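Architecture at a glance
One letter stands for each residue in the lines below.
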Amino acid sequence: MKYEKPTPIQCQAIPAVMSGRDVIGIAKTGSGKTLAFLLPMFRHIMDQPPLESGQGPIGLIMAPTRELAAQIHTEIRKFKKATGIRVRHLVPLISFLRVLFGFVHSTVCTL
C-alpha cells in the first residue's frame, strides 16, 4: 500500500468522524473518500472486545450499487492482515446468513 499523506478529503473528514460527528464528504473519484470513513471504522472495530458466537457485524457499510460495494470490500481487504478485521460482501440471502453466524466484523452491502 502506498499511502504517504492524507488527501484533502481525509484531512477534513477523519478528525470530524473520530470526534463522533456526522460527515458528508463530496469529492472526485479517487480522492480517498472510502479510506476517510474506513479508518475510523477500523479503529472502532478494533476497540471492541473479541466477537463471540452469534455476534457481529460491528460495522455496516451500505452502498447504492453492487459495483461500489465490491470496490469498498476490496479496499477493506487491503487492511485485513494489519487489522485482523474480517469482512463479508453481502449480496444474496445466503451471504446474510453467513454474516449472522460467521463472526464477521464488518459487512458491505447494497441498498
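Criteria and cut-off values
Numbers given for residues are sequential positions, taken from 1 along each chain in its written order. With the structure being a predicted model, the display of local features is reserved for residues of pLDDT at least 70 and the display and counting of side-chain atom pairs for 80 or more, all residues being used for whole-chain, interface and lining totals. The side-chain numbers reported here are obtained from all heavy atoms of the structure, hydrogens and water having been left aside. Structural elements are reduced to axes, namely lines fitted to C-alpha atoms, with helices fitted over the stretch in contact, and the angle between N-to-C directions of any two is expressed from 0 to 180 degrees. Secondary structure elements follow DSSP: runs of H or I no shorter than four residues count as helices, runs of E no shorter than two count as strands, and numbering proceeds from the N terminus. Any angle from 65 to 115 degrees is called roughly perpendicular, while one under 35 is roughly parallel, one over 145 is roughly antiparallel, and all others are oblique. By definition, turning the near helix anticlockwise from the far helix through less than a right angle yields a left-handed crossing, and turning it clockwise yields a right-handed one. The contact criterion used throughout is that any non-hydrogen atoms of two residues lie within 4.5 Å. Whether a residue is buried, partly exposed or exposed follows from its accessible area with a 1.4 Å probe, protein chains only, as a fraction of its type maximum: under 20%, in between, or over 50%, in that order. For a helix, the expected span equals 1.5 Å multiplied by the number of residues minus one. The directions from the helix axis to the C-beta atoms form the arc being described. Working definition of a nonpolar core: buried Ala, Val, Leu, Ile, Met, Phe, Trp, Tyr and Cys residues. They are joined through side-chain atoms within 4.5 Å. In protein, a polar contact requires one atom able to donate a hydrogen and another able to accept it; more generally it is a pair of N or O atoms within 3.5 Å, and residues adjacent in sequence count only if both atoms are side-chain atoms.

**Digging into the packing of helix α2 (residues 33-46) against helix α3 (residues 66-78)**
How two helices pack is summed up by the angle between their axes together with the distance between the axes. One way to put it is that α2 packs onto α3 with a least axis distance of 11 Å and a crossing angle of 50 degrees. In terms of orientation, α2 and α3 fall into the oblique class. Classified by chirality, the crossing of α3 by α2 is right-handed. Judged by residue contacts, T34, F37, L38, M41 and F42 of α2 engage I72, E75 and I76 from α3.

**Let's talk about the side chain of H73**
Relative to the elements of secondary structure, H73 occurs in helix α3. Look past the residues within four positions of H73 in its chain and what remains in contact with it is V87, R88, H89 and V108.

**What to know about the environment of I76**
With respect to the helices and strands, I76 occurs in helix α3. Residue classification places I76 among the buried positions, given a relative accessible area of 2%. Measuring from C-alpha to C-alpha, the distance between I76 and T34 comes to 9.3 Å, with 42 residues separating the pair along the chain. With residues near it in sequence (within four places) discarded, I76 still touches L38, M41, F42, I61, V87, S106 and V108.

**Overview of the packing of helix α1 (residues 8-18) against α2**
One can describe the packing of α1 onto α2 by two numbers: an axis separation of 9 Å at closest approach and a directional angle of 25 degrees. Between α1 and α2, the crossing angle belongs to the class labelled roughly parallel. Handedness of the crossing formed by α1 with α2: right-handed. Packed against α1, whose contacting residues are I9, Q10, A13, I14, V17 and M18, the element α2 presents K33, L35, A36, L39, P40 and R43 at the interface.

**Brief notes about α3**
Between the first and last C-alpha of α3 there are 19 Å, a value that for 13 residues agrees with the 18 Å anticipated at 1.5 Å per step. Buried within α3 we find A69, I72, H73 and I76. Here the buried residues of α3 occupy an arc of 105 degrees about the axis, which is enough to place them on one side. In α3, those exposed residues whose orientation departs by more than 90 degrees from the buried face are E67 and Q71.

**Regarding the nonpolar core**
Within the largest apolar cluster, 14 residues are counted, with the highest numbers of intra-cluster contacts made by L38, M41, F42, I61, I72, I76 and V108. When contributions to this core are tallied by element, the ones reaching two or more residues are α2, β1 (59-63) and α3. Looking at this core, the element that brings in the most residues is α2, giving five residues. The residues touching F42, leaving out its near neighbours within four places in the chain, are I76, F79, T83 and I85.

**Considerations on the side chain of S31**
Note that S31 resides in the loop between α1 and α2. Looking at S31, its side chain comes within polar contact range of the main-chain oxygen of K28, at 2.6 Å. The contacts of S31, once residues within four sequence positions are left out, are T7 and I9.

Fair warning: the whole summary comes from geometry, so function is off the table for now.
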